[in-house]
Amino acid sequence: MLLPLIIPALVVGVGSSLLLLGLTKVSEELKKLLWTVVPGALGVGSYSPLWMIVVLTATGLAVGLVVWKVPGHAGPDPATVGLVDPPMPPLVVPSLLLTAVLGLAGGVSLGPENPITMANIALAAWLGGMAMRGTPADTWAALAAAGTVGALFGTPVAAALILTESLAARPGPGALWDKLFAPLIAGGAGAMTTVLIAHPTFDLDLPKLAGTRWHDIPAALLVSCLGAVVGLAAVYAFPHVHAAFRRLRHPVPMVAAGGLVLGLLGTLGGSLTLFKGLSEMKVLASDPSGWTAGQFAVMTFVKLAALTVAASCGFRGGRIFPSVFIGVALGLGVSALVPAVHPTLGVVCSVLGILLAVTRQGWLSLFTAALLAADPHVFPLLCVAVLPAWLLVTGRPQMQLDQHGSSLR
């Protein structure tokens, strides 16, 4: 039963990575046009307050028009979907990818993970269903999800961890490793394709921990809990912000208004609080002493507000990457305020707490936090720090709504 899935898993994994790389390339070229070429030609500052407001409002207007007029309407309300959901009709994919490109290029505080995963799942289920009739749609969804997550993180481990949590919630016959066999092949193929072509890295090159000290343990516990509390602030605000935008009733004014708010937030937090946050958090980590604790606090809460608004008003995108930026800014701010907290410890533990609150994915949160440091000394600290943070978030509302606009639990 496993052998026939090897070739399909390889094809889906490679295809998932190539679509992600294509989406990234197109969005980067459009980003250069919007933030370098056009303002240069107009003689205005690339990240001047006025230009940030203009570009983000225009991005919201463009996304709203796509949602309104383009067939498929970019899928369902993004506030109601998760990272790995059942396949959508293939008609949705073009409009969904178009809104993702516009948001990534326009400075919206969302990542590519949700749209690209949804698109790859839809395409894999559609094409795979035609090529191998009778194969369950769930099989193609698992392969595409694993291939995409592997491509996003440059390793199939993240995909295995996410699917392990999903499979644990849906027990069935067969050994766990039998269920993970084909998805791991897809995840490995997606990861290797991305690594060979784009050479991604999440390592922030943070200062190494010189072994674990006794006071690192309570620091890790407190910082992870602080991150969880900050993340829960966005989670609790989410349905109220979503309801406020839904009062506009039409996608064009709704998303355009969200873009205007994001532009105003960008003028408060600066250019580093724009976009998905991956490159921007590396800038923060490259010079932790370059900002004061107050400046880190401003960036933390501006980005938190931007994530909440972007995820509520109708922009299509994921919450993992901007959440990691929030955690990096928060952790560096804690270290700047309390020098006894090592900056690496502050970053990984705050990222852990934020991701637990926003994604409710324990394994993914642990893995992502550890991936940022590439330091073996952080592993045991993270395994301890995850426990009180999980107690804080478990049973709380999730950053996902049902069809009636109420938070899931």
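Higher on the page you've got the structure.
The following refers to the structure shown. (Residues numbered from 1 in each chain as written. Predicted model: local features only at pLDDT ≥ 70, side-chain atom pairs only at ≥ 80, totals over all residues. Heavy atoms only, no water.)

**Looking at unusual backbone geometry**
Positive phi values are uncommon outside glycine, yet Ala74 reaches one of about 60°. By the element assignment, Ala74 lies in the loop between α2 (49-69) and α3 (93-106). Residue Ala74 is classed as buried on the basis of its relative accessible area, which comes to 2%. Positive phi values are uncommon outside glycine, yet Arg249 reaches one of about 70°. Tracing the chain through its elements places Arg249 in the loop between α8 (216-246) and α9 (251-269). Look at Arg249 and you get exposed, because its relative accessible area is 76%. (Helix = DSSP H or I, 4+ residues; strand = E, 2+ residues; numbered from the N terminus. Buried < 20%, exposed > 50% of the residue type's maximum accessible area, 1.4 Å probe, protein only.)

**Some thoughts on the side chain of His342**
Position of His342 among the secondary structure elements: in the loop between α12 (320-337) and α13 (343-359). In this structure the side chain of His342 is engaged in a polar contact, spanning 3.1 Å, whose partner is the backbone nitrogen of Thr344. In this structure, His342 is in contact with Pro207, Lys208, Leu209, Arg213 and Ser335, ignoring residues within four places of it in sequence. (Polar contact = N/O pair within 3.5 Å; in protein donor to acceptor, adjacent residues only side chain to side chain. Contact = heavy atoms within 4.5 Å.)

**Quick word on the pattern of salt bridges**
Should their charged atoms come close, side chains of opposite charge can pair. Scanning the model with the defined rule gives three salt bridges in all. For Glu29, the salt bridge is made with Lys32, and the minimal N-O distance between the two is 3.7 Å. Of this pair, Glu29 and Lys32 both sit in helix α1 (residues 6-42), three residues apart, roughly one helical turn. Its relative accessible area of 48% is what places Lys32 among the partly exposed residues. With a closest N to O distance of 2.9 Å, Arg246 and Asp77 form a salt bridge. Within this pair, whereas Arg246 is found in helix α8, its partner Asp77 is found in the loop between α2 and α3, the two being separated by 169 residues in sequence. Given a relative accessible area of 21%, Asp77 falls into the partly exposed group. Here the salt bridges do not stand alone but share partners, grouping Lys25, Glu29 and Lys32 into one network. (Salt bridge = Lys/Arg side-chain N within 4 Å of Asp/Glu carboxyl O.)

**Brief notes about the packing of helix α14 (residues 362-373) against helix α15 (residues 378-393)**
Relative to each other, α14 and α15 sit at 145°, their axes nearing to 10 Å. By crossing handedness, the relation of α14 to α15 is classed as right-handed. Here Gly362, Leu366, Ala369, Ala370 and Ala373 of α14 come into contact with α15, specifically with Val378, Phe379, Leu382, Cys383, Val386 and Trp390. (Axes fitted to C-alpha atoms, helices over the stretch in contact; angles between N-to-C directions. Left-handed = near helix turned anticlockwise from the far one by under 90°.)

**A word on the state of the cysteines**
Summed over the entire model, instances satisfying the criterion amount to zero disulfides. Note on Cys383: no disulfide assigned, nearest cysteine sulfur contributed by Cys349 at a separation of 11 Å. (Disulfide = S-S within 2.5 Å.)

**Quick word on the packing of α1 against helix α5 (residues 137-153)**
Helix-helix packing: each pair is described by the crossing angle between the helix axes and the interaxial distance. Two elements in contact, α1 and α5, have axes separated by 8 Å at closest approach and are oriented at 50°. Taken together, α1 and α5 sit at an angle that is classed as oblique. In this structure, the crossing between α1 and α5 has a hand that is right-handed. Judged by residue contacts, Pro8, Ala9, Val12, Gly13, Ser16, Ser17 and Leu20 of α1 engage Trp140, Leu143, Ala144, Gly147, Thr148, Ala151 and Leu152 from α5. Counted by class, the contact of α1 with α5 contains nine nonpolar, five polar and no charged residues. (Parallel < 35°, antiparallel > 145°, perpendicular 65-115°, else oblique. Nonpolar A, V, L, I, M, F, W, Y, C, P; charged D, E, K, R; others polar.)

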